[in-house]
Amino acid sequence: MARGFKGEVRVELEGKIYTLRMDLNAMAAFEDGTGLAALDWAEKAEAGNARVGDMISMVWCCLERHHEGASRQLAGDILSEDPGILERLFAAAAPKPDEIEGQPGK
């Protein structure tokens, strides 16, 4: 069964839970805000070649779905608290076929 591109990750910061959603809307907002192609950027980020400001921008875009009006400062605080959040978001949005429940081998 085909699976779309969407995933969510929760993170706790200072006693509050934030839900970040990685989906095509977040990717488009990132592109609009940075001028960078989100998928190309993600590949570079995975290889360790991402600017911190762009990483904060992506977290900020992923906050918007559940936390409308969230600040860039909050996004930076979340990334500082949980530096692996982007990796987990991309994994949640586009898992490998063997990680999808109900696929052969699961």
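Our structure is the block above this text.
These remarks concern the structure in this document. Given the structure is predicted, the values throughout are model-derived calculations rather than measurements. The residue count restarts for each chain, going from 1 along the sequence in the order it is written. The model is predicted, so local features are restricted to residues of pLDDT at least 70 and side-chain atom pairs to those at 80 or more, both for listing and for counting; the totals for chains, interfaces and linings are taken over all residues. Hydrogens are left out, water is left out, and the side-chain values use all remaining heavy atoms of the structure.

1. Observations concerning the overall build of the chain
For step 1, the next point in the chain: The number of helices and strands found in the chain is 5 helices and 2 strands.
For step 2, the next point in the chain: Between buried and exposed lies partly exposed: a residue is buried under 20% and exposed over 50% of the maximum accessible area for its type, with that area taken using a 1.4 Å probe on protein chains only. Burial analysis of the chain (106 residues in total) assigns 37% to the buried set.
For step 3, the next point in the chain: Between two residues, a contact is recorded if the distance between any of their heavy atoms is within 4.5 Å. Partitioning the intrachain contacts of the chain with sequence separation of at least 6 by distance along the chain shows that 55% fall at a separation of at least 24.
For step 4, the next point in the chain: Taken as a whole, the chain presents about 6,700 Å² of accessible surface, with 49% of it coming from carbon and sulfur. Put simply, DSSP H or I for four residues or longer makes a helix, DSSP E for two residues or longer makes a strand, and each gets a number counted from the N terminus. In these tables, accessible area is a Shrake-Rupley quantity obtained with a 1.4 Å probe, and a residue counts as shielded only by the protein chains included in the view.

2. Looking at the packing of aromatic side chains
For step 1, the next point in the chain: Note on aromatic contacts: the rings of Phe and Tyr and the six-membered ring of Trp form a pair at centre separations within 6.5 Å, being stacked when their planes are under 30 degrees apart, edge-to-face when over 60 apart, and tilted otherwise. Counted according to the given criterion, the structure contains 1 aromatic pair.
For step 2, the next point in the chain: Measuring from centroid to centroid gives 4.9 Å for Phe-30 and Trp-41, while their planes differ by 45°, and the two rings are tilted. Taken together, the residues Phe-30 in helix 1 (residues 24-34) and Trp-41 in helix 2 (residues 38-46) connect sequence positions 11 residues apart. This pair shows no difference in class: Phe-30 is buried, exactly as Trp-41 is.

3. Details of a negative patch on the surface
For step 1, the next point in the chain: A patch is a set of surface residues, each over 30% in relative accessible area and not in a salt bridge, joined within 9 Å for like charges and within 5 Å for the nonpolar side chains Val, Leu, Ile, Met, Phe, Trp and Tyr. The rule for a salt bridge is simple: a side-chain nitrogen of Lys or Arg has to be within 4 Å of a carboxyl oxygen of Asp or Glu. Just so you know, the count uses Lys and Arg for positive and Asp and Glu for negative, and it drops His and the chain ends. Think of each charge as sitting on NZ of Lys, CZ of Arg, CG of Asp or CD of Glu. A cluster of like negative charges, contributed by Glu-31, Asp-32, Asp-40, Glu-43, Glu-46 and Glu-87, occupies part of the molecular surface.
For step 2, the next point in the chain: Sorting the residues of the negative patch by element identifies helix 1 and helix 2 as the ones contributing at least two each.
For step 3, the next point in the chain: A total of 3 residues in the negative patch trace back to one element, the largest contributor, which is helix 2.
For step 4, the next point in the chain: For Glu-46, the position within the fold is in helix 2.
For step 5, the next point in the chain: A relative accessible area of 75% means that Glu-46 is categorised as exposed.

4. What about the pairing of strand 1 (residues 6-13)?
For step 1, the next point in the chain: Burial along strand 1 is one-sided: Gly-7, Val-9, Val-11 and Leu-13 are buried, and none of Lys-6, Glu-8, Arg-10 and Glu-12, which face the opposite way, are.
For step 2, the next point in the chain: Two elements, strand 1 and strand 2 (residues 16-23), share 8 bridges in a ladder whose sense is antiparallel. The partner of Glu-12 across the bridge, within strand 2, is Ile-17.
For step 3, the next point in the chain: Adjacent in sequence and paired antiparallel, strand 1 and strand 2 are bridged by 2 residues, among which Glu-14 carries a positive phi angle near 50°. For two strands to be treated as a pair, DSSP must find no fewer than two bridges joining them.

5. Comments concerning the pattern of salt bridges
For step 1, the next point in the chain: Under the defined criterion, the tally for this structure stands at 4 salt bridges.
For step 2, the next point in the chain: Here the salt bridges do not stand alone but share partners, grouping Glu-8, Arg-21 and Asp-23 into one network.

6. Let's talk about the packing of helix 3 (residues 52-63) against helix 4 (residues 72-81)
For step 1, the next point in the chain: Axes here mean lines fitted to C-alpha atoms, for a helix over just the part in contact, with angles spanning 0 to 180 degrees between N-to-C directions. Relative to each other, helix 3 and helix 4 sit at 110°, their axes nearing to 8 Å. By the angle between their directions, the pair helix 3 and helix 4 is classed as roughly perpendicular. Residues Gly-53, Met-55, Ile-56, Ser-57, Val-59, Trp-60 and Leu-63 of helix 3 form the contact with helix 4, whose own contacting residues are Arg-72, Leu-74, Ala-75, Gly-76, Ile-78 and Leu-79.
For step 2, the next point in the chain: Amino acid classes used here: Ala, Val, Leu, Ile, Met, Phe, Trp, Tyr, Cys and Pro are nonpolar; Asp, Glu, Lys and Arg are charged; the rest, including Gly, are polar. Taken together, the residues of the contact of helix 3 with helix 4 sort by class into 9 nonpolar, 3 polar and 1 charged. What sets the label is the angle itself: under 35 degrees gives roughly parallel, over 145 gives roughly antiparallel, 65 to 115 gives roughly perpendicular, and the rest give oblique.

Nothing here speaks to function; it is all geometry.
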